[in-house]
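So you can see what is in the structure, the chains are spelled out below.
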Amino acid sequence: MSTLNYLQHYPAALLSQVRALLDSGQLGGWLARKYPESHDVQTDKALYQYVSEIKQRYLKNAALPAKVSYDSQQHPVKGTLGTNTFVSRVQGGKLKTKNEIRIAALFRDAPLPFLRMIVVHELAHLKEKDHNKAFYQLCCHMEPDYHQLEFDMRVWLTWRESQAA
């Protein structure tokens, strides 16, 4: 019986369905049918462009991140799939701020909807710093299937981990 590290806070009925698919070897096929296509956002430059387009569509008044990149240091077991860092520096008499978005490198191989969900999550932090009701409303505004994608992405991470074992 496998552990479902990424799905611990979901209802038991869902967990038993995922566990049954995983134990029977059908989870990978289910994911491949639901998310058949990979994406071509492979470089940091392409990722920056992808993030910029989503930001411009939904968050026109928010500042564009100074840097967007894939980060091989982030790992889902440690709880980080993406980060949004804000750096403030005093330059002369002015306070300059910039932010950077880093996405876990494993999303180069993920289906595009999972990458989009992580990008939307990190962009929402431009407006809302905390994971509160307003934050999740903004995520759902940018990606109406946000919660389903988050669950499916956690299932995908579970499946990937089972393949590595």
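Residues numbered from 1 in each chain as written. Predicted model: local features only at pLDDT ≥ 70, side-chain atom pairs only at ≥ 80, totals over all residues. Heavy atoms only, no water.

- Going by the annotation in an unreviewed UniProt entry, the name recorded for the protein chain is M48 family metallopeptidase, with Chromobacterium fluminis given as the source organism.

1. Some thoughts on the packing of aromatic side chains
- Scanning the entire structure with this criterion turns up 6 aromatic pairs.
- Geometrically, the ring pair formed by Tyr10 and Phe151 is edge-to-face, given 4.9 Å between the ring centres and 70° between the ring planes. Residue Tyr10 is found in the segment before helix H1 (12–23), and its partner Phe151 is found in helix H6 (residues 146–164); the two are separated by 141 residues along the sequence.
- Looking at Tyr10, the relative accessible area reads 24%, which means it is partly exposed. (Phe/Tyr/Trp six-rings, centres within 6.5 Å; stacked < 30°, edge-to-face > 60°. Helix = DSSP H or I, 4+ residues; strand = E, 2+ residues; numbered from the N terminus. Buried < 20%, exposed > 50% of the residue type's maximum accessible area, 1.4 Å probe, protein only.)

2. Description of the pattern of salt bridges
- Counted by the stated rule, this structure contains 5 salt bridges.
- We note a salt bridge from Arg108 to Asp44, for which the minimum N-O separation is 3.9 Å. Taken together, the residues Arg108 in the loop between strand E3 (94–104) and helix H4 (112–124) and Asp44 in helix H3 (residues 44–58) connect sequence positions 64 residues apart.
- Of the residues examined, Arg108 reaches a relative accessible area of 29% and is grouped as partly exposed.
- Classification of Asp44 as partly exposed rests on a relative accessible area of 32%.
- The salt bridge involving Arg102 is made with Glu100; its shortest N-O contact spans 2.9 Å.
- Owing to a relative accessible area of 25%, Arg102 belongs among the partly exposed residues under this scheme. (Salt bridge = Lys/Arg side-chain N within 4 Å of Asp/Glu carboxyl O.)

3. Focus: the environment of Ser69
- Tracing the backbone through its elements, the reader meets Ser69 in strand E1 (residues 67–71).
- Among the residues examined, Ser69 registers a relative accessible area of 4% and is labelled buried.
- Linking Ser69 and Leu47, residues 22 residues apart in sequence, is a C-alpha distance of 6.6 Å.
- Those residues in contact with Ser69, other than ones at most four positions away along the chain, are Asp44, Leu47, Ile101, Arg102 and Ile103. (Contact = heavy atoms within 4.5 Å.)

4. Concerning the nonpolar core
- Residues Leu47, Ile103, Phe107, Leu115, Val119 and Leu123 are the most contacted members of the largest nonpolar core, which totals 46 residues.
- Elements that contribute at least two residues to this core include exactly H1, helix H2 (27–34), H3, E1, E3, H4, helix H5 (133–142) and H6.
- The dominant element in this core, judged by the number of residues it contributes, is H4, at 8 residues.
- In this view, Leu47 contacts Val41, Val68, Ser69, Tyr70, Ile103, Leu115 and Val119; residues no more than four positions away in its chain are not counted. (Core = buried A, V, L, I, M, F, W, Y, C linked by side-chain atoms within 4.5 Å.)

5. Topic: the pairing of E1
- Most of E1 sits inside the fold, with 4 of its 5 residues counted as buried.
- Looking at chain direction, E1 and E3 are connected through 5 bridges and run parallel. Following the sheet pairing, Lys67 is matched in E3 by Glu100. (Pairing = 2+ DSSP bridges.)

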